[in-house]
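Single-letter residue listing:
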Amino acid sequence: MKSDAGGRLEAAVGRLERALATLDQRLAKRLAEAGAKAGDLFDQDRAKLAADLDAARARGRALEEAGAHASAALAKAIDDIRAELGERS
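Okay, so let's go over this structure. Remember, predicted model here, so these are calculated numbers, not experimental data. (Residues numbered from 1 in each chain as written. Predicted model: local features only at pLDDT ≥ 70, side-chain atom pairs only at ≥ 80, totals over all residues. Heavy atoms only, no water.)

### Side note on the pattern of salt bridges
For the record, the criterion: Put simply, a salt bridge is a Lys or Arg side-chain nitrogen that is within 4 Å of an Asp or Glu carboxyl oxygen. Helix and strand assignments come from DSSP, with helices taken as H or I runs of at least 4 residues and strands as E runs of at least 2, each series counted from the N terminus. Remark: exposure states derive from per-residue accessible area (1.4 Å probe, protein chains only) relative to the maximum for the residue type, with buried under 20%, exposed over 50%, and partly exposed in between.
Using the criterion set out here, one finds three salt bridges in the structure. Across the pair Asp4 and Arg8 runs a salt bridge, and its minimum N-O distance is 3.5 Å. Of this pair, Asp4 and Arg8 both sit in helix α1 (residues 2–88), four residues apart, roughly one helical turn. Its salt-bridge partner being Lys48, residue Asp52 comes within 3.0 Å of it at the nearest N-O pair. Of this pair, Asp52 and Lys48 both sit in helix α1, separated by four residues, roughly a single helical turn. Accessibility expressed as a relative area gives 38% for Asp52, which makes it partly exposed. Exposure remark for Lys48: the relative accessible area of 51% places this residue in the exposed category.

Here you go:
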């Protein structure tokens, strides 16, 4: 009977080892898939950040241009006021 119990134990250990090997393979596959998805998400995030940076730079250039126009208009208004005050003196 001892050899029969030992054979059953060996068979159970064999089944357990095969189940663990299968589990290990599936886990490795899932981890690889998750890593690939994470890489895709990183690339998408990087592309979005680059687009956001480009948009921010464009807004910055537009603000600089608007500031230059406002400064020129203000300088002209100051000159006009000085000219008007100078004519009255």
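### Here we look at the environment of Ala12
Here Ala12 is to be found in helix α1. Residue Ala12 is classed as partly exposed on the basis of its relative accessible area, which comes to 30%. A C-alpha to C-alpha distance of 84 Å links Ala12 and His69, two positions 57 residues apart in sequence.

### Some words on the environment of Asp24
Mapping Asp24 onto the fold places it in helix α1. By relative accessible area, which is 52% here, Asp24 ends up exposed. Put simply, Asp24 and Asp40 are 16 residues apart on the chain and 24 Å apart in space, counted from C-alpha to C-alpha.

Function cannot be inferred from these measures alone, as they are strictly geometric.
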